[in-house]
Number of protein chains: 4
Amino acid sequence: MIVSMKRFATKEDIASVCERIRDFGYKIHAIEGEERVVIGVVGVGDVTQCLESLEAMPSVENAVRISAPYKFVSKEFRKGRSVIRVNGNVEIGGDDMVVMAGPCSVESEKQIMESAHAVAKAGAKVLRGGAFKPRTSPYDFQGMAEEGLKLLRKAKQETGLAIVTEVMSDADVPLVAEYADLMQIGARNMQNFALLKSLGTCGRPVLLKRGLSSTIKELLMSAEYIVAHGNPNVILCERGIRTFETATRNTCDLVAVPVLNEMTHLPVVIDPSHATGKRSLVPALSRAAVAIGADGLIVEVHPCPEKAVSDGAQSLHLPEFEKMMNSLRGYVELWKESRMALAAAV
Amino acid sequence: MIVSMKRFATKEDIASVCERIRDFGYKIHAIEGEERVVIGVVGVGDVTQCLESLEAMPSVENAVRISAPYKFVSKEFRKGRSVIRVNGNVEIGGDDMVVMAGPCSVESEKQIMESAHAVAKAGAKVLRGGAFKPRTSPYDFQGMAEEGLKLLRKAKQETGLAIVTEVMSDADVPLVAEYADLMQIGARNMQNFALLKSLGTCGRPVLLKRGLSSTIKELLMSAEYIVAHGNPNVILCERGIRTFETATRNTCDLVAVPVLNEMTHLPVVIDPSHATGKRSLVPALSRAAVAIGADGLIVEVHPCPEKAVSDGAQSLHLPEFEKMMNSLRGYVELWKESRMALAAAV
Amino acid sequence: MIVSMKRFATKEDIASVCERIRDFGYKIHAIEGEERVVIGVVGVGDVTQCLESLEAMPSVENAVRISAPYKFVSKEFRKGRSVIRVNGNVEIGGDDMVVMAGPCSVESEKQIMESAHAVAKAGAKVLRGGAFKPRTSPYDFQGMAEEGLKLLRKAKQETGLAIVTEVMSDADVPLVAEYADLMQIGARNMQNFALLKSLGTCGRPVLLKRGLSSTIKELLMSAEYIVAHGNPNVILCERGIRTFETATRNTCDLVAVPVLNEMTHLPVVIDPSHATGKRSLVPALSRAAVAIGADGLIVEVHPCPEKAVSDGAQSLHLPEFEKMMNSLRGYVELWKESRMALAAAV
Amino acid sequence: MIVSMKRFATKEDIASVCERIRDFGYKIHAIEGEERVVIGVVGVGDVTQCLESLEAMPSVENAVRISAPYKFVSKEFRKGRSVIRVNGNVEIGGDDMVVMAGPCSVESEKQIMESAHAVAKAGAKVLRGGAFKPRTSPYDFQGMAEEGLKLLRKAKQETGLAIVTEVMSDADVPLVAEYADLMQIGARNMQNFALLKSLGTCGRPVLLKRGLSSTIKELLMSAEYIVAHGNPNVILCERGIRTFETATRNTCDLVAVPVLNEMTHLPVVIDPSHATGKRSLVPALSRAAVAIGADGLIVEVHPCPEKAVSDGAQSLHLPEFEKMMNSLRGYVELWKESRMALAAAV
């Protein structure tokens, strides 16, 4: 921590700030500046509480944290990359770029089966499909719930694809964990702390989507919640953030991938469908995501997007998905080369 | 709805878009533009699904909604203002500007009692205090839970103040409803739809805080969730949104008050503490909130902000709160005059 | 400055960072943290260049400035408030809340004369009106240029109102300064540094509008440009910033007023017309602006907003403006009381 | 245009809106909705003024534009891609991905010569270097002005590289055009309309950077200014936008590339240095920029970034730049393949 005193702080002010710091168990290194006094603080303790307490003192200009507020998810905790196993046979964060694909919502047996077969054939390893749907309007389709989960299981049995599906409430975690190989937390629930805690013991890896207006640090703090409550298997997902730009549904912060790679050992995947909101932009962003080093993609497809109950405008037709997968091949080759080069360098 | 076709859409394209529209039960009014065809759509149906379905058609440029997506919370549903009763004797949205105040977190019996007596004496009608705390870090203080709720009840018994406190999970709604007179939904849970639904039958009014990056329309949609599930007693709260500016913790969208007054009959209160994040700015913003016509304020205070476990920097000392309440008096008088003028005009 | 070294920085790394710091003429106070080394830097020098140079070193985690980057505009340079005289007889930042009003663009003699008489009668002291118009589209009305300036002068002669009007290019500064009593810099030119420099010697006070996405610090830095180039008479204007919210044209950061009052001695005015973009919201925001302590308002009015060539939707009809001025009276009384209390306290 | 009337608009209201529309020379197609009347408007006229005039009418709910406000830069004006020639021999928007590189500021002959030779050797075709520098602080280095331009010319003579350099004021356009092969407009000047107009007749192509908080449509409108004033040779540049995220200097809206490709025929380049603000992130973003289909890159390099007078933290060392250029090779091959496939398809 670095505590900057106000310009005209007295010796008494400084002494009482130092006392407060020591109360929290920290040690002090004071700097006598020409304009103002700045105090360096080291040690281990409840940083947030100490910072807030200091900032509340009238003689303190500001107090900032120097070390990262997360531990288990940090690069300093584990140097290499974490490889997360999904359904025993799919590895995310490892030597292969993994594509997850499927419809926004599970709508019917026919729809999910057709989607599952098509994405498996095109090279996807995980099937996505929502059974519990977070919708802005109470009057919109809210998902098929357990019936949808059963259809996902059936699709898994037929195709061998692993299943990723969203859970929206801590009360539903045990039910969803019965069916899902990967538990998806939606952007709007990234700071639903009751839900995050309940994932600690669910026995499944978690796909944690970044909130619409969450910083990268907040994303890591939410991942830290899950890990600190017992579940080290977290995959991060950038799916676009909210900005002033309206030409796309969201603004994809693609650079978050290398930024996260510098900060954490957890894998990072990109959702080009929500990031753009527009089908025609999905293939170009997917190529860029591979080129920037994402560990995977999660893509929305639909047998008939025009009739989809949700997210039709951003869902690829099944043949478009196959075509995109083909066009990604050259980029995936370059991706693998650079992964091998990285591995060799370590 | 207004559907704008692409420039070179054929007659067949237009016909198939019109067919899709009719499938959803709507009627059509086509406009033959010089540059492109625009289709007007009227009637009643599942607007969101229809819009998404149309946008997914390749010949469609864009499709926009004209009528509001919410019903019960709209001004068109109820012309006047809703008055929400809290604990039988406090009315929010009525003839008085209501102040809610208290510490961020309930920390101890001494702390909450001292706060309660001070805010009651200064003129507050509702005591705030968190027993379940949403914290960005899993290592920060998470609240006293039911023990905190019991202390709030004790403070209520001693002072007669109504109680507002946060609930973070649908699983906790029945417990919190036992103690709270007003159920607070925090900004991070504004789109926790499982939680919103569970409030429909909780038997208590709800204080719904706007999400950090939620639009005013999304705030109304979340209120609509609660009302559509059976609970018409919702109070909206502007508490600052997330922008690029870092001089304050958040940016207070104070104009949301008159904007909401044009759109909804629900009361609107301002949280000047979270909106600024800095104690010295709270009184000025509170004055402005009264002047712009807010129905109430929710303010953080603490007997010793320097020792608060959370939000110390934005909490007023108890004497500062009393001073602020005194300084608001002239503005509240003007507020009442303008309310009476409005009432007379209707 | 505070320089935080990377976790595994060596003694040699630290030594070379310290050498660099000394090259810039600063002194050093090192802190031996448990996790990493943090270096405190004091003295006077080219801070920006030093910070950038340090951040470019591979062993440096980050380097942050502690003292403010502006001097002349800071509260530390002058403790009280600056009072800026406009046209000899109007004082902004003094004992009266000053209202500036007029049409967005000067369109005709009839329009500007009618506006001028009406706003003078209602209590405004300064007439606004654009002769050079910054328009997003090259096909929109670009202003009447010098002809418009002449009409403004005529309105001034008839009514005694001072004139505020926008200048868009350093090449036009001498021309505009001939006619204007107050030179307006629009939001899109807040960081047009060539223009800012040329205002240093224009001999007129400047109304500097905050950029759509400029921070409060950047606004102060732009004011510092003008002052550093010789012109101490700068009035700041908050006119709404760009956020994700689309219900209003911009989001008014009203709290910028007390924030700026803590940081600078310069006066601050509010533009409720651009901040909201909607006529019906202007009176409520104006009340709030007075209540929060703004030194003035700049408001768009028009004899016939429906026929205005620009900004019609946010312009008040002349009788609406008069009504608003009347409704502000009570708030202005409270404003004066609090100014006198402040003055007495100093 | 689509004009939506308020819910309780009378027949008279509608008639007067229609009259206003006809006054502007448009034709009308009314839609009798069940809830409200919506009016379709077609024809050619001053759209902005008409829209503003209609929105200012009390019976109008809102009025929106359907057709794009720009003409010359639109895809509808020219179907293919524009190829912009720089210095006679470099083509941007054509069959090759063009890299521009150099230091942020020209600092000395030694620095610019060393940079020029290195970037030419590594494969760059254009040398960047600022002689006029837009700096947030008046106390920071403001550039070498004409002396810097002369050094750039010298570097051009020695290496054959074309020169891109920034111009900040319309007064400097003739001077800069003497030395520059490509005139750069910085982000802060994207809506400096006086400057944009003066570029119409400067006789040089223009590199127009997107403003920090400018929408893609506004970027196109600013390009339209230059083209409408006589200069069709505009290259667009995405260099990161301002959002709430602080982990990077700006947030790169990389998807703007395919979005712009759908809207305009003008080339689009990416500035990975300003977009990230951090040297270590530049190579990854450059790869992604190539993969998403950018027509070029503009990259900051420096012989000794630690001693750079500006932007040192985001400048690559010269050997790092060479290494990056090598690592881009595979991606550029894929880029060319996809360009040829596109060309074959047309």
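Preceding block: the structure.
About the cut-offs
Residues numbered from 1 in each chain as written. Chains lettered and ligands numbered in written order. Predicted model: local features only at pLDDT ≥ 70, side-chain atom pairs only at ≥ 80, totals over all residues. Heavy atoms only, no water. Helix = DSSP H or I, 4+ residues; strand = E, 2+ residues; numbered from the N terminus. Buried < 20%, exposed > 50% of the residue type's maximum accessible area, 1.4 Å probe, protein only. Contact = heavy atoms within 4.5 Å. Least-squares fit on C-alpha atoms with pLDDT ≥ 70 in both. Pairing = 2+ DSSP bridges. Buried area = accessible area lost by both parts, 1.4 Å probe. Salt bridge = Lys/Arg side-chain N within 4 Å of Asp/Glu carboxyl O. Polar contact = N/O pair within 3.5 Å; in protein donor to acceptor, adjacent residues only side chain to side chain. Nonpolar A, V, L, I, M, F, W, Y, C, P; charged D, E, K, R; others polar. Phe/Tyr/Trp six-rings, centres within 6.5 Å; stacked < 30°, edge-to-face > 60°. Lys NZ or Arg CZ within 6 Å of the ring centre and 35° of its normal.

Caption draft 1: A look at unusual backbone geometry. Backbone geometry places Asn87(A), a non-glycine residue, at a positive phi of 60°. Counting through the fold element by element, Asn87(A) comes out in the loop between β5 (84–86) and β6 (90–92). We classify Asn87(A) as partly exposed; its relative accessible area is 29%. At Asp311(D), a position not held by glycine, the phi torsion is positive, near 60°. Residue classification places Asp311(D) among the buried positions, given a relative accessible area of 9%.

Caption draft 2: Geometry of helix α2 (residues 47–55) of chain D. All names here are of chain D. Within α2, eight of the nine residues are buried, leaving the element largely enclosed by the surrounding structure. The set of residues buried in α2 consists of Val47, Thr48, Gln49, Cys50, Leu51, Glu52, Ser53 and Leu54. Packed against the buried residues of α2 are β1 (2–5), α1 (11–23) and β4 (60–64).

Caption draft 3: Spatial organisation of the relation of the copies chain D and chain C. Mapping chain D onto chain C calls for a screw motion: a turn of 180° about the axis and a shift of 0.0 Å along it, with 0.0 Å RMSD after fitting. Given the turn and translation reported, the copies of this chain are related as if by a two-fold rotation axis. In terms of proximity to the rotation axis, the leading residue of chain D is Ser213(D), whose C-alpha is 3.0 Å off the axis. Most of the interface of chain D is mirrored in chain C, where 100% of its interface residues are also at the interface.

Caption draft 4: Just the pairing of strand β10 (residues 182–185) of chain B, in detail. All names here are of chain B. Side-chain alternation along β10 places Leu182 and Gln184 on one buried face and Met183 and Ile185 on a second face that is also buried. Here three bridges tie strand β9 (residues 162–166) to β10, and the two strands are oriented parallel to one another. If you follow Val164 over to β10, its bridge partner there is Leu182. Bridge count for β10 against strand β11 (residues 206–209) is three bridges, and the pairing is parallel. Each bridged residue has a counterpart across the sheet, and for Ile185 the counterpart in β11 is Leu208.

Caption draft 5: Summary view of the interface of chain D and chain C. Chain D puts 52 residues into the contact, and the matching count from chain C is 52 residues. Both faces considered, chain D and chain C share a buried interface measuring about 4300 Å² in area, 48% of it formed by carbon and sulfur atoms. Its salt-bridge partner being Arg242(C), residue Glu218(D) comes within 2.6 Å of it at the nearest N-O pair. Where chain D meets chain C, there are 29 residue pairs in polar contact (both at pLDDT 80 or more). Every element with two or more residues in the side of chain D that touches chain C is listed here: α2, α6 (193–198) and α7 (216–228) of chain D. For the side of chain D that touches chain C, the residue count by class is 20 nonpolar, 15 polar and 17 charged.

Caption draft 6: Structural view of the relation of the copies chain A and chain B. For the pair chain A and chain B, the superposition axis carries a translation of 0.0 Å, the fit reaches an RMSD of 0.0 Å, and the rotation angle comes to 180°. Here 100% of the contact residues of chain A are again contact residues in chain B; the copies associate through an equivalent surface.

Caption draft 7: Seen up close, the packing of aromatic side chains. Applying the stated criterion across every chain yields a total of 10 aromatic pairs over all chains. With a centroid separation of 6.4 Å and an interplanar angle of 40°, the aromatic rings of Tyr331(B) and Tyr331(C) are classed as tilted. In this pair, Tyr331(B) sits in helix α11 (residues 318–345) while Tyr331(C) sits in helix α11 (residues 318–345), so the two residues belong to two different chains. An identical accessibility class is assigned to Tyr331(B) and Tyr331(C); each is buried. Arranged with centres 4.7 Å apart and planes meeting at 25°, the rings of Phe193(C) and Tyr225(C) form a pair that is stacked. Here Tyr225(C) lies in helix α7 (residues 216–228) and Phe193(C) lies in helix α6 (residues 193–198), a separation of 32 residues in the sequence. Between Lys71(A) and the ring centre of Tyr139(B), over which it is positioned, the NZ or CZ distance is 5.4 Å.

Caption draft 8: Main features of helix α8 (residues 256–263) of chain D. In terms of burial, α8(D) is a largely internal element, seven of the eight residues being buried. What α8(D) keeps buried is the set Ala256(D), Val257(D), Pro258(D), Val259(D), Leu260(D), Asn261(D) and Met263(D). Looking at the buried side of α8(D), the elements it contacts are α10 (282–292) of chain A together with α7, β12 (234–238), β13 (268–270) and α10 (282–292) of chain D.

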